[in-house]
Every structure is written in structure tokens, then in C-alpha cells.
Amino acid sequence: MRITIQQAIKAAVLFCILVAADLFTKALAVQALQDGRHVELIHGVLEFYYIQNRGAAFGIFQNGTVILSFISLIALIALIVLYVRMPSSRKYLPLRIVLICIAAGAAGNLIDRVLLHYVRDFIYFSLIDFPVFNVADIYVTCSVFVLAYLILFHYKEEDLDFLGH
């Protein structure tokens, strides 16, 4: 049995909340940090520092707004298709949540790219000089790790048969 209407509504609500939280934190960062200020949360470790990212992770695809937007849109469509094809049993709840989080992260950055032609990044781990990122990036990164765990250790191969049909 495929997802129910109730599951689809819950998924849409969670998706909207996550996207709204991402966009809200980006707006706060612009308001508080746009003039070049930065806020050090943990000295030498973590700070808020606003940048306009016109590429993807680690500076790749600089000024590649069109291709990055297209990739994000394709990813969103693929995630929706996977979500809809997934059996509705409770066993797949972790996988459903992971897909929603990845989709919300992709959508949050896609909205920035389409409306602004750049992504608003503001979280910086200065301890390791990690690229500046945002809440949408956290959704995607953490969810991909959880997805890998689920595929490797939680679900059996036959549990994922719905992917091939």
C-alpha cells in the first residue's frame, strides 16, 4: 500500500516547516550580519558570518545558478517520486523523514538560487576552516548520513524492493 492522504499532509506540513525555518534563519543572518559583522559563538570554533554563495559546496560551480537550480529541481522530483512509491507501513517512517529533510534542504537553497541568484550562507566552523553553510545544508548533510545508516544497517535488501518497480 502506498502513502495515505494523512501521511502526505503530514509530509507537506513538515516540509513547509523545515523550509520556512531555513528561510527564516537566512533572513535573520542577512539582517544581523550583512554589513560584514560576524558573531563568534565559540572562540576559534564556531561563528556566524554571512556570505552570498554563488556556487555549490566547497566553491564548485561558481555562478552556476541555472545548472544548480536544475539539479535541485530534478532531485526534488526524484525525492517526491520515491516518497510516493514508498510503502505506507510504519517501518518506513525513518526513510520518509529523511527524504522530507533532504527535499526541504534542496528546496530552501533552490528558492534562494531562483529568487536571489545566490544562496545565503552564514554558519562557519573556523576551527577547521570549513566552508560557510546554512540550515538547508545541515538538513541535507545530516539526512544523507542517516540515509546511509538506514540503507546499510536498518533495512534489508527486500525492504527496498519498491525502488526497482
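Look up a bit, the structure's there.
Not measured: the values here are computed from a predicted model.

Caption draft 1: Up close: the packing of helix α3 (residues 93–116) against helix α4 (residues 135–154). Taken N-terminus to C-terminus, the directions of α3 and α4 make an angle of 150°; their axes are 8 Å apart at the nearest point. Overall, the two elements α3 and α4 adopt an arrangement that is roughly antiparallel. Read as a crossing pair, α3 and α4 show a hand that is left-handed. Between α3, through Pro94, Leu95, Val98, Cys101, Ile102, Ala104, Gly105, Ala106 and Asn109, and α4, the contact on the second element is made entirely by Ala136, Asp137, Tyr139, Val140, Ser143, Val144, Val146, Leu147 and Leu150. Residues of the contact of α3 with α4, tallied by class, amount to 14 nonpolar, 3 polar and 1 charged.

Caption draft 2: Summary view of a nonpolar patch on the surface. On the surface, Ile67, Phe70, Ile71, Leu73, Ile74, Ile77 and Val81 cluster together to form a nonpolar patch covering roughly 620 Å² of accessible area. Mapped onto the secondary structure, Ile74 falls in helix α2 (residues 65–85). You can call Ile74 partly exposed: its relative accessible area is 43%.

Caption draft 3: Examining the packing of helix α1 (residues 5–33) against α4 more closely. Contact geometry of α1 with α4 gives a least axis separation of 8 Å together with a crossing angle of 140°. As the angle between them shows, α1 and α4 are arranged oblique. On α4, the residues that touch Leu18, Ala21, Asp22, Thr25 and Lys26 of α1 are Val135, Ala136 and Tyr139. Across the contact of α1 with α4, the residue classes break down as 5 nonpolar, 1 polar and 2 charged.

Caption draft 4: The arrangement of the state of the cysteines in detail. In this structure the tally under the stated criterion is 0 disulfides. Here Cys16 stays unpaired: no disulfide links it, and the sulfur of Cys101, its closest cysteine neighbor, is 13 Å away. Unpaired in terms of disulfides, Cys101 finds its nearest cysteine sulfur in Cys142, a separation of 9.0 Å.

Caption draft 5: Structural context of α4. Taking 1.5 Å of rise per residue, the 20 residues of α4 would be expected to cover 28 Å, and the 26 Å separating its terminal C-alpha atoms lies within 8% of that figure. Every buried residue belonging to α4 is among Val135, Ala136, Tyr139, Ser143 and Leu150, and all of these are buried. All buried residues of α4 fall inside an arc of 90° around its axis, so they share one side. Of the exposed residues in α4, those oriented more than 90 degrees away from the buried face are Phe145, Leu152 and Phe153. At its buried positions, α4 is contacted by α1, α3 and β3 (119–125). Sitting at the amino-terminal end of α4 is Asn134, which places a side-chain oxygen 2.9 Å from the backbone nitrogen of Ala136.

What counts, and where the lines are drawn
Residues numbered from 1 in each chain as written. Predicted model: local features only at pLDDT ≥ 70, side-chain atom pairs only at ≥ 80, totals over all residues. Heavy atoms only, no water. Axes fitted to C-alpha atoms, helices over the stretch in contact; angles between N-to-C directions. Helix = DSSP H or I, 4+ residues; strand = E, 2+ residues; numbered from the N terminus. Parallel < 35°, antiparallel > 145°, perpendicular 65-115°, else oblique. Left-handed = near helix turned anticlockwise from the far one by under 90°. Contact = heavy atoms within 4.5 Å. Nonpolar A, V, L, I, M, F, W, Y, C, P; charged D, E, K, R; others polar. Patch = residues over 30% accessible without salt bridge, like charges linked within 9 Å, V, L, I, M, F, W, Y side chains within 5 Å. Areas by Shrake-Rupley, 256 points an atom, 1.4 Å probe, with all protein chains shown as cover. Salt bridge = Lys/Arg side-chain N within 4 Å of Asp/Glu carboxyl O. Buried < 20%, exposed > 50% of the residue type's maximum accessible area, 1.4 Å probe, protein only. Disulfide = S-S within 2.5 Å. Expected span 1.5 Å × (residues − 1). Arc of directions from axis to C-beta. Polar contact = N/O pair within 3.5 Å; in protein donor to acceptor, adjacent residues only side chain to side chain.

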